[in-house]
Amino acid sequence: MATKSLKWRGNTDVKTTAVATDIRAELRIRPAALSDVPSVIALDEEVTGLAKPVYWQDTFDRFGARSRAGRFFLVAELQGCIEGFVVGEVRAWEFGSPPCGWIFAIQVRPKGRLKGVGTQLFNALCERFRRTGVAKVRTMLARDNTTILSFFRSQGMMAGPFIELETTLD
Amino acid sequence: MMKLQKATCFALFAVLELAADPSRQLAAADIADKYGISLHHLAKVLRDLGRARIIESARGVGGGYRFAGNPRRLTLMDIIELFEPSASGQAKRDEPRPTTDVGRALRVVLDEIDEHALATFRSITLSTMLKIVAQRPWSGMNDRKARKRAAQR
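Residues numbered from 1 in each chain as written. Chains lettered and ligands numbered in written order. Predicted model: local features only at pLDDT ≥ 70, side-chain atom pairs only at ≥ 80, totals over all residues.

As for helix 3 (residues 39–51) of chain B
Residue and element names in this part refer to chain B.
- Taking 1.5 Å as the rise per residue, helix 3 with 13 residues should run 18 Å; its terminal C-alpha atoms sit 18 Å apart, in good agreement.
- Along helix 3, the residues that are buried comprise Leu 42, Val 45, Leu 46 and Leu 49. Take helix 3 and look down its axis: the buried residues cluster within an arc of 105 degrees, on one side only. Relative to its buried face, helix 3 has exposed residues pointing more than 90 degrees away, namely His 40, Lys 44 and Arg 51.
- Of the residues one or two after helix 3, Arg 53 is the one with positive phi, at around 60 degrees. (Helix = DSSP H or I, 4+ residues; strand = E, 2+ residues; numbered from the N terminus. Expected span 1.5 Å × (residues − 1). Buried ≥ 20, exposed ≤ 12 C-beta atoms within 10 Å, placed from the backbone. Arc of directions from axis to C-beta.)

Here's the deal with the packing of helix 4 (residues 76–83) of chain B against helix 6 (residues 101–123) of chain B
Residues and elements named next belong to chain B.
- Interaxial distance between helix 4 and helix 6 falls to 5 Å at its minimum, and their mutual angle equals 115 degrees. Taken together, the axes of helix 4 and helix 6 lie roughly perpendicular to each other. Across from Leu 76, Met 77 and Ile 80 in helix 4, the residues of helix 6 making contact are Leu 118, Phe 121 and Arg 122.
- Within the contact of helix 4 with helix 6, the residues separate by chemical class into 5 nonpolar, no polar and 1 charged. (Axes fitted to C-alpha atoms, helices over the stretch in contact; angles between N-to-C directions. Parallel < 35°, antiparallel > 145°, perpendicular 65-115°, else oblique. Contact = placed C-beta atoms within 7 Å. Nonpolar A, V, L, I, M, F, W, Y, C, P; charged D, E, K, R; others polar.)

As for unusual backbone geometry
- Backbone geometry at A:Trp93 places phi at a positive 70 degrees, although glycine is not the residue there.
- The class of A:Trp93 is exposed, set by 8 C-beta atoms lying within 10 Å.

Observations regarding the environment of A:Gly112
Residues and elements named next belong to chain A.
- Counting through the fold element by element, Gly 112 comes out in the loop between strand 5 (100–108) and helix 4 (117–132).
- Using a count of 18 C-beta atoms within 10 Å as the deciding quantity, one classes Gly 112 as partly exposed.
- Sequence-wise, Gly 112 and Gly 84 are 28 residues apart; in three dimensions their C-alpha atoms are separated by 8.6 Å.
- Non-local contacts of Gly 112, meaning those with residues more than four positions away in its chain, are made with Glu 83, Gly 84 and Val 117.

Some remarks on the nonpolar core
- One finds A:Leu74, A:Phe85, A:Val86, A:Leu121 and A:Leu125 to be the most contacted residues of the largest nonpolar core, which totals 28 residues.
- Elements with a minimum of two residues in this core: helix 2 (37–48), helix 3 (53–65), strand 3 (71–78), strand 4 (81–91), strand 5 and helix 4 of chain A.
- Looking at this core element by element, the count peaks at 6 residues for helix 4 of chain A.
- Leaving out residues up to four positions away in the same chain, A:Leu125 has contacts with A:Phe72, A:Leu74, A:Val86, A:Gly88 and A:Ile103.
- Counting residues in each nonpolar core, the second largest holds 25 residues, with B:Ala14, B:Val15, B:Ala32 and B:Ala87 among its members. (Core = buried A, V, L, I, M, F, W, Y, C linked by C-beta atoms within 7 Å.)

Quick look at the interface of chain B and chain A
- Opposite the 13 residues of chain B that make contact, chain A presents 11 residues.
- Mapped onto the side of chain B that touches chain A, the elements with two or more residues apiece are helix 6 and helix 7 (126–135) of chain B.
- Considering each element in turn, the side of chain B that touches chain A owes the most residues, 5 residues, to helix 7 of chain B.
- Considered class by class, the residues forming the side of chain B that touches chain A number 4 nonpolar, 5 polar and 4 charged.

Re the sheet that holds strand 1 (residues 2–5) of chain A
All names here are of chain A.
- An order of 2-3-4-5-6-1-7 is seen for the 7 strands of this open sheet, with the pairing classed as mixed. Whereas interior strands pair on both sides, the edge strands pair on one side only; in this sheet they are strand 2 (28–31) and strand 7 (158–159).
- In this structure, strand 3 lies alongside strand 4, joined through 8 bridges in antiparallel fashion. When the sheet's bridge partners are listed, Leu 78 is paired in strand 4 with Cys 81.
- Packed on one face of the sheet, helix 2 meets strand 4 and strand 5 and runs near 95 degrees to strand 4. (Pairing = 2+ DSSP bridges.)

Observations concerning the environment of B:Glu84
Residue and element names in this part refer to chain B.
- Structurally, the position occupied by Glu 84 is in the loop between helix 4 and helix 5 (90–94).
- Looking at Glu 84, the number of C-beta atoms within 10 Å reads 19, which means it is partly exposed.
- Those residues within four positions of Glu 84 in sequence are excluded, and the remaining contacts are Gln 5 and Thr 8.

Describing the pairing of strand 6 (residues 136–139) of chain A
All names here are of chain A.
- In terms of strand pairing, strand 1 meets strand 6 through 4 bridges, oriented antiparallel. Looking across to strand 6, one finds that Ala 2 is bridged to Thr 139.
- Bridge count for strand 5 against strand 6 is 3 bridges, and the pairing is parallel. Within the sheet, the bridge partner assigned to Trp 102 lies in strand 6 and is Arg 138.
- Note on the crossover from strand 5 through helix 4 to strand 6: the handedness is right-handed. (Right-handed = clockwise from strand over helix to strand, strands pointing away.)

Some remarks on the packing of helix 1 (residues 6–19) of chain B against helix 2 (residues 28–35) of chain B
Residues and elements named next belong to chain B.
- Two elements in contact, helix 1 and helix 2, have axes whose closest approach is 11 Å; the angle formed by their N-to-C orientations is 115 degrees. When the axis of helix 1 is compared with that of helix 2, the two are roughly perpendicular. Between helix 1 and helix 2 the crossing geometry is right-handed. Residues Phe 13, Ala 14 and Glu 17 of helix 1 touch helix 2, and the partners they reach there are Ile 31, Lys 34 and Tyr 35. (Left-handed = near helix turned anticlockwise from the far one by under 90°.)

As structure tokens, this is what we get:
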């Protein structure tokens, strides 16, 4: 599990290319709408190779349309196209943890990577978490998912105080 | 269990020092002085990094070494593997297999630790490392400890 204190703000990349700057200026981060769900499904399928329409519709129903306080489903829109999305929620007292923000999913269109789309989504979600009063943000991901692991690391996330364990049910 | 060799640590010091400012040239002696390490040993490490095209050397007066890689792509693991090909698991595959149940069980636990270590090294780019250096998270820890001590007084 990776965690980050929300005191760290903003992107401190060593290099920012002109292309990336242009995209960052035009990119719009906003709450997901029902009409974005097909784009989210398609983007996720492009990245993972697996279409999960029921899952994403259900995720939108819970985090987007009738979202409760502390639940967020944001998309990054560039010239009418969805370039990425992020889903997160403030959760409290599970595993003895005080309230903190959890990031469940983040995806950026492969062609749009390393241009700051993920960073903008991450920062926008962290800003919403901050407004709810939490000071930490956490996520969990597969050990071999080096791309996303590197992304979260680049945002200042480090290993947190929890260890995830599992067993196979016979 | 994974433990970095001296040459690997020297390589990480040198690469991070040079990557902090890719336009800057540094002499091997400057790096050795800063980190308090053997110049002779560091020179060999720098040659290997040069062969891997991670750094480049400039000859003549004012010569030295300069970073030549992509800090957002190169990970700690990329550097480690140059000096410890065994780090990614080859040595483990060459190791004799444990022949007892206790030995096999111990291997399972040690492998779990190694897999976490490898995932960590693979996920941290030089660019991310430089951010950690700049953020100085350890000074925050010291500050917190100092505040706690002051509060206790």
